[in-house]
Amino acid sequence: MILELDCGNSFIKWRVLDASASELVSEGVVDSNQALLESLRIMKPLSLRKCRLVSVRTNEETSALTEMLEREFGIPIVCARPAREMSGVRNGYEDYERLGLDRWLAMLGGFHLAAGSACLVLDFGTAVTADFVGADGEHLGGFICPGMPLMRNQLRTHTRKIRYGDDAAERALSSHVPGRTTVEAVERGCSLMLRGFVLTQLELARAYWGEQFTVFITGGDAELVKGVAPDARVVPDLVFVGLAMACPLS
Ligand SMILES: Nc1ncnc2c1ncn2[C@@H]1O[C@H](COP(=O)(O)OP(=O)(O)O)[C@@H](O)[C@H]1O
Ligand SMILES: CC(C)(COP(=O)(O)O)[C@@H](O)C(=O)NCCC(=O)O
Ligand SMILES: [K+]
C-alpha cells in the first residue's frame, strides 16, 4: 500500500492507496502528526510499502513527520521538490523554489486533467490561491490571499465583540442573505469575499483566454465557492493528482 500526504498549514490530508496506487483504500484529514499515526494504526490490514508527500510546512516540521513515519513503518518516503518545469508546465515564479509546492502540484494535476487547455487553479485552504497556466503550459503567476479560517480568526482576534462557536458558524452558512446575528454577518461576509475572489479570477481568465479554459477548484473550503463557478471542476484531490505525477512509484 502507498501512503500519500498533503501537509497544509492547518491540516494533513492523508490517503492510503493499494499497492499499484490505482484504488483508494482509505483517507482522512487530521490536525497533527499524532492524529495521523492514530488514524493509520487502526487500519487493519495495513502494509505500507512507500510514502510520498508534499508539505508547505517548515523543513523542521516536515522532518519531524517523516522521522515519525520512518520509525513507525520503516518505509521509504519521497517528498515533492520544486522544479522549473515538469509534465509540460513551466513554473512562472522569478525564483521557482519559492512557489508553494501545493500550488505547483495542483497546477500539474490541473494541466494534466485539462488535457491541453489553459487552466485556472483555485485552492481554498488556510490561504486561498489562484494560478494561471496557459494552454502551452506556461505558468503566468498567481495570487495569494487569506482563506476562510484566516479571515474569521482575524475578526475574532482583532475585535472585542466578535465571538462565536464552530457549530453556529456552520449553521450560519446555510444561506447568503444579510446576517441578523454576528455569526451570520461574519460567516456570510467572509464567504462572499471568497466568492467575489472567484468571480474576479474568472474575469481575468476570460481576458487572457476568452472561453477557452478549464477552472479547477480544490481545498477544504471548495464547497463554499463552487456555486459561483458552475462550470468549474471541483477536484478535492487535485494536489494528490499532481503528487503522483511529481513522485512516480519507481
Ligand atoms: N474534513 C475536514 N477537516 C478539516 N477541515 C475541513 C474539512 N472539510 C473542510 N474543511 C475546511 O477546510 C479548511 C482547510 O482547508 P485545507 O485545504 O485542509 O487547508 P490547508 O491545506 O491550508 O491545511 C478549513 O477552513 C476547514 O473548515
Ligand atoms: C500560499 C500557501 C501559504 C498556501 O498554503 P495552504 O493554504 O494550502 O496551507 C503555500 O502555498 C505557501 O506557503 N506558498 C509559499 C509562498 C508562495 O507560493 O509564493
Ligand atoms: K493546501
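Before reading further, recall that the structure is shown in the block above.
Bear in mind that the values here come from a model prediction, so they are computed numbers and not experimental data.

Here the focus is the overall build of the protein. From N to C terminus, the protein includes eight helices and twelve strands. In terms of overall dimensions, the protein has C-alpha extents of about 55 × 45 × 30 Å along its principal axes. Taking all 250 residues of the protein together, 46% fall into the buried category. One way to put it: in the protein the 26 positive side-chain charges average out to a point 5 Å from where the 32 negative ones average out.

One open sheet holds the five strands; their spatial order is β10-β9-β8-β11-β12, and the pairing between them is mixed. The open sheet has two edge strands, β10 (139-146) and β12 (233-234), and neither has a second partner. For strand β8 (residues 118-124) and strand β11 (residues 213-218), the ladder comprises six bridges, and the chain directions are parallel. For A118, the partnering residue across the bridge sits in β11 and is F213. Contacts from helix α6 (residues 182-209) reach β8, β9 (127-133), β10 and β11 within the one sheet, and its direction differs from that of β8 by about 165°.

This part takes up the site of ligand 2. By nearness alone, 14 residues border ligand 2, and N9, Y93, D102, R103 and A127 come closest of all. Side-chain polar atom of Y93 to an oxygen atom of ligand 2: 2.6 Å apart, as the coordinates give it. For ligand 2, an oxygen atom lies 2.8 Å from a polar atom in the backbone of A127. Taking 460 Å² as the accessible area of ligand 2 by itself, protein coverage stands at 78%. The class makeup of the residues in the shell around ligand 2 is five nonpolar, six polar and three charged. Three or more residues apiece are contributed to the shell around ligand 2 by two domains, here domain 1 (2-79) and domain 2 (85-147 + 188-245).

What counts, and where the lines are drawn
- Residues numbered from 1 in each chain as written.
- Chains lettered and ligands numbered in written order.
- Predicted model: local features only at pLDDT ≥ 70, side-chain atom pairs only at ≥ 80, totals over all residues.
- Heavy atoms only, no water.
- Helix = DSSP H or I, 4+ residues; strand = E, 2+ residues; numbered from the N terminus.
- Buried < 20%, exposed > 50% of the residue type's maximum accessible area, 1.4 Å probe, protein only.
- Lys, Arg positive; Asp, Glu negative; His and termini not counted.
- Charge placed at Lys NZ, Arg CZ, Asp CG, Glu CD.
- Pairing = 2+ DSSP bridges.
- Contact = heavy atoms within 4.5 Å.
- Axes fitted to C-alpha atoms, helices over the stretch in contact; angles between N-to-C directions.
- Near = heavy atom within 4 Å.
- Polar contact = N/O pair within 3.5 Å; in protein donor to acceptor, adjacent residues only side chain to side chain.
- Areas by Shrake-Rupley, 256 points an atom, 1.4 Å probe, with all protein chains shown as cover.
- Nonpolar A, V, L, I, M, F, W, Y, C, P; charged D, E, K, R; others polar.
- Domains from an automatic or database assignment.

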